[in-house]
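Structural overview
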Amino acid sequence: HCISANYVITDPGGGISTLSAICSALLVSVGTQVSQGDTIALVGMTGSADGNHVHVEVRINGQRVDPNGYIAF
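Here's a quick rundown of the structure.

Either a parallel or an antiparallel arrangement is found when strands of a sheet pair, and the pairing is made through backbone hydrogen bonds. In space, the four strands of this open sheet follow the order E1-E2-E5-E6, with antiparallel pairing throughout. Every interior strand has two partners, whereas the edge strands, strand E1 (7-13) and strand E6 (63-65), have only one. Strand-to-strand twist in this sheet, taken as the mean axis angle between neighbours without regard to direction, amounts to 30°. Relative to strand E2 (residues 16-21), E1 is paired through five bridges, and the arrangement is antiparallel. Among the inter-strand pairings, Gly13 is bridged to a residue of E2, identified as Ile16.

Structural data, given as structure tokens:
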């Protein structure tokens, strides 16, 4: 399971963070304040990906959890 270096982590506080990876372009940088609905990156096909997609993780206190219930797809 390989994750590209092209990723964005958002941290709104409260122990919850998200990681979006395999991006073709990052539209934010460290310290950028973002709001719900902001575009933070472009979907890509980097690394050993077979097609355009995004790798999404939700983390609670640093531990990955099922993103269902946190992110509407």
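Now, onward.
With respect to the helices, strands and loops of the structure, Thr10 is situated in strand E1. Note: C-alpha distance between Thr10 and Gly31 (21 residues apart in sequence) is 9.7 Å. One polar contact links Thr10 to Thr18, side chain to side chain, over a distance of 2.3 Å.

Secondary-structure assignment places His55 in strand E5 (residues 55-60). Of the polar contacts made by the side chain of His55, one reaches the side chain of Glu57; its length is 2.9 Å.

As a further point, take the pattern of salt bridges. This structure, assessed with the given rule, holds two salt bridges. Ionic pairing is found between Glu57 and Arg59, a salt bridge with its closest N-O pair at 2.8 Å. The exposure class assigned to Arg59 is partly exposed, which follows from its relative accessible area of 22%. Of the charged contacts in the structure, one is a salt bridge between Glu57 and Arg64, with a shortest N-O distance of 3.4 Å. Judged by its relative accessible area of 5%, Glu57 is buried. Overall, Arg64 belongs to the exposed group, its relative accessible area being 58%. By sharing partners, the salt bridges in this structure join Glu57, Arg59 and Arg64 into a single network.

Reading the values: the criteria
Residues numbered from 1 in each chain as written. Predicted model: local features only at pLDDT ≥ 70, side-chain atom pairs only at ≥ 80, totals over all residues. Heavy atoms only, no water. Pairing = 2+ DSSP bridges. Helix = DSSP H or I, 4+ residues; strand = E, 2+ residues; numbered from the N terminus. Axes fitted to C-alpha atoms, helices over the stretch in contact; angles between N-to-C directions. Polar contact = N/O pair within 3.5 Å; in protein donor to acceptor, adjacent residues only side chain to side chain. Salt bridge = Lys/Arg side-chain N within 4 Å of Asp/Glu carboxyl O. Buried < 20%, exposed > 50% of the residue type's maximum accessible area, 1.4 Å probe, protein only.

Everything listed here is a matter of coordinates, which is why it stays silent on function.
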